[in-house]
Amino acid sequence: MGDTSQLIQQISIYALPVLLAITLHEAAHAYAAKRFGDATAYMLGRMTLNPLKHIDPVGTVLLPLLSLMMGGVLFGWAKPVPVNFGALRNPRVGMRWVAAAGPLANFVMAVMWVLLLKLAIMMNNSYSEPLALMSKAGININVMLMVLNLLPLLPLDGGRIVESLLPPGLAYKYSRLEPYGMWILIALIFTGALMPLLNPLRQLVYHLLSLFF
């Protein structure tokens, strides 16, 4: 009974931050794609704050739930926003900004959760603790989602940014690694190598966020 109530409490704390983190991340990709010339995601209704349009049953619901139950690092994903990079007015520049839009959205959300945490501490009433717990969850989720997506692996956002910065010949060779990107990520997770790779950037982001607190 205790474990069940604790899980329900964890879900109540993490549900809103997780939904906001994935929804705004994907909506930011869709907005940037339309801004730089590709309306594919917009036409498919993905440039929206409706979380139902972005939820992946496994990556957004099942996997985060299992992560909470097992007490590990919260991990998951949303339905990727479809982008036709060839339709962008300047494909290389557009690809860079479309890819960067998601992590940037997560950083902005992390800043907002930091400000809400500060508000929770200042309020000092019955709402302070729930808001503080949710704010801390929002900070951690958005920082984690940001740094994970900045890994230089295709099809992650960091891989797209690297591809857009490489000379055309190297970019083409790099793009051919995309079918193996998720397998590499899975291998990093199961070998325990992922967090040591992410921690330096995580600490840097937390340091930047501390400037707002």
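Remember, predicted model here, so these are calculated numbers, not experimental data.

Q: Run through the packing of helix H4 (residues 91-123) against helix H5 (residues 128-149), naming residues and quoting values.
A: Where H4 meets H5, the closest approach of the two axes is 8 Å, and the angle between their N-to-C directions is 160°. With respect to H5, the axis of H4 lies roughly antiparallel. Relative to H5, H4 is oriented so that their crossing is left-handed. Taken together, the residues of the contact of H4 with H5 break down into 17 nonpolar, six polar and one charged.

Q: Any chance you could break down a nonpolar patch on the surface for me, citing the residues and the numbers?
A: Side chains of Val108, Met112, Leu115, Leu204, Leu208, Leu211 and Phe212 sit close together on the surface and give an oily, nonpolar patch of about 660 Å² of accessible area. Considering each element in turn, the nonpolar patch owes the most residues, three residues, to H4. With respect to the element layout, Phe212 can be found in the segment after helix H9 (194-210).

Q: Could you give an account of the nonpolar core, with specific residues and numbers?
A: Side chains that are nonpolar tend, in soluble globular proteins, to be buried together. The biggest cluster of nonpolar side chains holds 23 residues, and the ones touching the most others in it are Ile139, Val143, Leu151, Leu185, Leu194, Leu198 and Leu209. Elements that contribute at least two residues to this core include exactly H4, H5, helix H8 (178-190) and H9. In terms of residue count, the dominant contributor to this core is H5 (eight residues). Look past the residues within four positions of Ile139 in its chain and what remains in contact with it is Ala110, Trp113, Val114, Leu117, Tyr206 and Leu209. Core analysis: the next-biggest nonpolar cluster, separate from the first, contains seven residues, Ile13, Ala137, Ile141 and Leu145 among them.

Q: Break down the packing of aromatic side chains for me, with residues and values.
A: The final tally for this structure, using the stated rule, is zero aromatic pairs. Lying over the aromatic face of Tyr42, Lys34 brings its terminal NZ or CZ to 4.8 Å of the ring centre. Stacked on the ring of Phe36, the Lys or Arg Arg35 has its end atom at 5.8 Å from the ring centre.

What counts, and at which threshold
Residues numbered from 1 in each chain as written. Predicted model: local features only at pLDDT ≥ 70, side-chain atom pairs only at ≥ 80, totals over all residues. Heavy atoms only, no water. Axes fitted to C-alpha atoms, helices over the stretch in contact; angles between N-to-C directions. Helix = DSSP H or I, 4+ residues; strand = E, 2+ residues; numbered from the N terminus. Parallel < 35°, antiparallel > 145°, perpendicular 65-115°, else oblique. Left-handed = near helix turned anticlockwise from the far one by under 90°. Nonpolar A, V, L, I, M, F, W, Y, C, P; charged D, E, K, R; others polar. Patch = residues over 30% accessible without salt bridge, like charges linked within 9 Å, V, L, I, M, F, W, Y side chains within 5 Å. Areas by Shrake-Rupley, 256 points an atom, 1.4 Å probe, with all protein chains shown as cover. Salt bridge = Lys/Arg side-chain N within 4 Å of Asp/Glu carboxyl O. Core = buried A, V, L, I, M, F, W, Y, C linked by side-chain atoms within 4.5 Å. Buried < 20%, exposed > 50% of the residue type's maximum accessible area, 1.4 Å probe, protein only. Contact = heavy atoms within 4.5 Å. Phe/Tyr/Trp six-rings, centres within 6.5 Å; stacked < 30°, edge-to-face > 60°. Lys NZ or Arg CZ within 6 Å of the ring centre and 35° of its normal.

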